[in-house]
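Commentary on secondary and tertiary structure
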Amino acid sequence: MLERNSISKLLENNPFINNIYFFDEINSTNCYAKQNKIPPDSLVITNFQKNGRGRFERTWESEKNNNLTFTITKKVNIKHCEQNHIVYYAAYSVYSAVKHSIKSIGFNSKLSGSNIRIKWPNDILINQKKAAGILIESNPVDNYYIIGIGINVNSISFSNDLVNTTTSLQIETKHLFNLNVLLFDIISQLQKNFKYLEEHKLNKIYNLWKKSLKCIGNEVFYLHKSGEKKYGKIKDISQSGNIFIEENGLIKSFNNGEIKLINYG
Ligand code: BTN
């Protein structure tokens, strides 16, 4: 379980996070940040979200005291058309922290290699199942970004809707993680990679993210928003975030609201 004092201690004197808003429970850390217009460089964190939100108006379920649900607010000087790099930055940072944490417990099976990856555009998968999701909200007028991160860490059960597609770090490794330490590892990765955004090294972020997708050349089933289920081979993912899928010799391009990848190769 997360503890206010441990978090304060771990982040003491860290200029990346200037304010900590800790709640035993709250509706949603993203909503709190938005509604209260909290300053940039803040962390909103809770042991339980009563109404966690996911992408595309979905809900984000997370068991009390067992997982990480938090939001970081940042000002990033980036053009509107470059905003997807915030998604790449956050997904790559969470991916790296999860990978290192799993490695650091001495878990040495195939898991520490290719089975942890980012699913286009920003889910974190372990052994093909979703272990973390990211919801970024923004006010582009003042370059203010709300980066919401949910990670299934020590949960071992999920609702019927999620059970086949969702996992946690504990399920995959049989190890109980210290949430405070994992939080610190994730924030350290976010802090380390933030320099690429500050220095406008957007190609660097894109390349790190793209490499962690491990999906180019894979054959996938996907669901088009029209309801059609299709099959094809992933040829590329552009810097603007479009995915290129080859189907019967034809290459089609989709943005992330247009299709949902079902299996990921
Ligand atoms: C998704 O995969 O759909 C994104 C899930 C994002 C969940 C996190 S948990 C912390 C923050 N607060 C929210 O209400 N949602 C995000």
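Before reading further, recall that the structure is shown in the block above.
We now turn to the structure provided with this report. (Residues numbered from 1 in each chain as written. Predicted model: local features only at pLDDT ≥ 70, side-chain atom pairs only at ≥ 80, totals over all residues. Heavy atoms only, no water.)

**Quick notes on unusual backbone geometry**
A negative phi holds for most residues other than glycine; trans holds for most peptide bonds. Condition: A run of H or I in DSSP becomes a helix once it reaches four residues, and a run of E becomes a strand once it reaches two; helices and strands are each numbered from the N terminus. Accessible area is worked out with a 1.4 Å probe on protein chains only. A residue is then buried under 20% of its type maximum, exposed over 50%, and partly exposed in between.
In this structure, the amide linkage connecting Trp120 to the following residue, Pro121, adopts the cis form with an omega of -5 degrees. A positive phi angle, near 55 degrees, is found at Phe56, a position not held by glycine. For Phe56, the position within the fold is in the loop between strand S2 (42-46) and strand S3 (68-75). The phi dihedral of His200 is positive, around 60 degrees, even though this residue is not glycine. Mapped onto the elements, His200 comes out in the loop between helix H5 (179-198) and helix H6 (202-213). Classification of His200 by relative accessible area gives partly exposed; the value is 39%.

**Here we look at the site of the ligand**
To keep things clear, this is the line we draw: Proximity criterion: a residue is near a molecule or strand once any of its heavy atoms comes within 4 Å of it. The term polar contact refers here to a pair of N or O atoms within 3.5 Å; inside protein, the definition further demands a hydrogen-donor-capable atom paired with an acceptor-capable atom, and it admits residues adjacent in sequence only when both atoms are side-chain atoms. Here, Shrake-Rupley sampling with a 1.4 Å probe gives the accessible areas, and only protein chains in the shown set may cover a residue.
Close to the ligand lie 20 residues, the nearest being Ser28, Gln49, Arg53, Arg55 and Lys130. Contacts to the ligand include Arg55, whose backbone N or O atom sits 2.7 Å from an oxygen atom. In the complex, the protein chains occlude 99% of the 410 Å² of accessible area that the ligand would expose alone. Breaking the shell around the ligand down by element, the ones donating at least two residues are helix H2 (29-35), S3, strand S6 (129-139) and strand S7 (144-151).

**Overview of a positive patch on the surface**
To keep things clear, this is the line we draw: Grouping into patches uses exposed residues only, defined as over 30% relative accessible area, and leaves out salt-bridged ones; the cut-off is 9 Å for like charges and 5 Å for nonpolar side chains (Val, Leu, Ile, Met, Phe, Trp, Tyr). By salt bridge we mean one thing: a side-chain nitrogen of Lys or Arg within 4 Å of a carboxyl oxygen of Asp or Glu. When charges are counted, neither His nor the chain ends are considered; positive counts come from Lys and Arg and negative counts from Asp and Glu. Lysine's charge is taken at NZ, arginine's at CZ, aspartate's at CG and glutamate's at CD.
A contiguous patch of positive charge, built from Lys192, Lys195, Lys204 and Lys211, is present on the exposed surface. Mapped onto the secondary structure, Lys195 falls in helix H5.

**Some details on H6**
Going by this rule: Helix span is expected to be 1.5 Å times the residue number reduced by one. Contacts are assigned to residue pairs that have any heavy atoms within 4.5 Å of one another.
Here H6 contains twelve residues, and its C-alpha end-to-end distance of 17 Å stays within 8% of the 16 Å for a straight helix at 1.5 Å per residue. Elements that come into contact with the buried residues of H6 comprise helix H3 (84-104), strand S4 (116-119), H5 and strand S9 (229-237). Two residues or fewer after H6 comes Lys214, characterised by a positive phi angle close to 50 degrees.

**Topic: the sheet that holds S3**
What counts is decided by this rule: Strand pairing follows a simple DSSP-based rule, namely that at least 2 bridges must link the two strands. In this analysis, axes come from line fits to C-alpha atoms, helices being fitted only over the stretch in contact, and the angle between any two N-to-C directions falls in the range 0 to 180 degrees.
The seven strands lie next to each other as S1-S2-S3-S7-S6-S5-S4, forming an open sheet whose pairing is mixed. Looking along the sheet, the strands with just one partner apiece sit at the ends: strand S1 (19-23) and S4. Each neighbouring strand pair of the sheet contributes to a mean axis angle of 15 degrees, computed without reference to strand direction. Pairing analysis gives eight bridges linking S3 to S7, with the strands arranged antiparallel. Bridged to Leu68 within S7 is Ile151. Relative to the sheet, helix H1 (residues 4-11) contacts S1 and S2, its axis offset from that of S1 by approximately 165 degrees.

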